[in-house]
Amino acid sequence: MSITTDRPAVSNGGSPLPVSLKHARLPRWSPPVIALAAAGAGCGIGLGAGLDSTVQWGLIAAALFVLGTFALAAAVEGARQAKDRLATSLVWIAFLIAVVPLASLLWETVSRGTKVLDVYFLQHSMGTTPDALPGGGIYHAIIGTLEQVGLATLIAAPIGLLTAIYLVEYGRGRLAKAVTFFVDVMTGIPSIVAGLFILSVWILILGFGPSGFAGSMALAILMMPVVVRSTEEMLKLVPNELREASLALGVPKWRTILKVVLPTSIGGITTGVMLAIARITGETAPVLLLVWGAKTINNNPFEDAQQSLPLYVFQQWQQGSEASYDRAWAAALVLIAFVMILNLVARGIARWKAPKSGR
């Protein structure tokens, strides 16, 4: 009976030859070259097939890029590395599919919104300007949006914060389960339902008229579950050791929450509140039902109709004239800038209030 074993190769002198652990690899410049070739081939196929949509050209180029990368990697690097490059290519394609529509939307909004966006547009209302003619501005809509969102935040943020503290720190039993259930239900409520609820209670039953405050109450309903969920998750991330250390020193639980738990999670809580504000800033349906919109400046959110930026965009687009379209695009650009500023402020507050690390 003979047994065969694999032995390393030896040279004529009897010493073993060095075994190389390196495999053939595609050069680093190969992915962009393959991408350019795929883009050219996709454009050629699209032109040859008579396809008018550049989206179709892009999808063909993406498919050619994935197939070309996999084929070259399989031929040069082997099947295992080819699978890795296939997964990487799919990730890049998914990233581009997500980014391209966002970049296209931003580019379209900026290019069309800057036609009439100037200081005059920001400092004047539509009080004396017909919707079909050029002129006018969004000052009344900016005032309305700031007041309505601000009031909604004053209503929803404290309630959401206290609810999350109860669920994480005190909530036990059926009451906590019921609160969690209703928070989950409120998360999926359409904005029109919140508007109809406030319309039936505040305006039809109690007899109050349309106002910015009525819209704020509907926006607060939409904002509260987002604040509760984000704050709850941030509070759960606070290590229990911090709570136990504070309680071991004889600090009451309410003071532990106030001085230890909340400062530790204030960055995430602030980010969650800002995301909730961004969530309600662009809502149109509740404002349309409860605020109604106005062409003049109304600085009092508790009386009479008021305007807001999303409602202004909707109403201007409804007019159908070239001037109203330009105003709608400009107002949409201001709304995007407003949300972007909110996110930057949230990041700044989160960094400022984040617990200091180090020894």
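Residues numbered from 1 in each chain as written. Predicted model: local features only at pLDDT ≥ 70, side-chain atom pairs only at ≥ 80, totals over all residues. Heavy atoms only, no water.

An unreviewed UniProt entry annotates the chain as Phosphate transport system permease protein PstA originating from Streptomyces lydicamycinicus. The record held by UniProt for the chain lists under Function (unreviewed entry) the comment "Part of the binding-protein-dependent transport system for phosphate; probably responsible for the translocation of the substrate across the membrane." What UniProt records for the chain under Sequence similarities (unreviewed entry) is the sentence "Belongs to the binding-protein-dependent transport system permease family. CysTW subfamily." (UniProt positions renumbered as here; feature names shortened; annotations may be inferred.)

Let us now look at the UniProt feature "transmembrane region" (unreviewed entry) in the chain. Those residues carrying the UniProt feature "transmembrane region" (unreviewed entry) are residues 33–51, 57–76, 88–107, 149–168, 180–205, 211–228, 260–280 and 328–350 in this numbering. This span, residues 211–228, is 94% helix and 0% strand, and a straight line between its end C-alpha atoms measures 26 Å. As annotated, residues 328–350 has a helix share of 100% and a strand share of 0%, and its two end C-alpha atoms lie 33 Å apart. (Helix = DSSP H or I, 4+ residues; strand = E, 2+ residues; numbered from the N terminus.)

Quick look at the packing of aromatic side chains now. Across all of its chains, the model carries seven aromatic pairs by this definition. With a centroid separation of 4.1 Å and an interplanar angle of 10 degrees, the aromatic rings of Trp202 and Phe208 are classed as stacked. Ring centres 4.4 Å apart and planes at 40 degrees place the aromatic pair Trp317 and Tyr325 in the tilted group. Among the residues examined, Trp317 registers a relative accessible area of 42% and is labelled partly exposed. A relative accessible area of 23% means that Tyr325 is categorised as partly exposed. Taken together, Trp202, Phe208, Phe213 and Phe302 form an aromatic cluster joined through their ring pairs. (Phe/Tyr/Trp six-rings, centres within 6.5 Å; stacked < 30°, edge-to-face > 60°. Buried < 20%, exposed > 50% of the residue type's maximum accessible area, 1.4 Å probe, protein only.)

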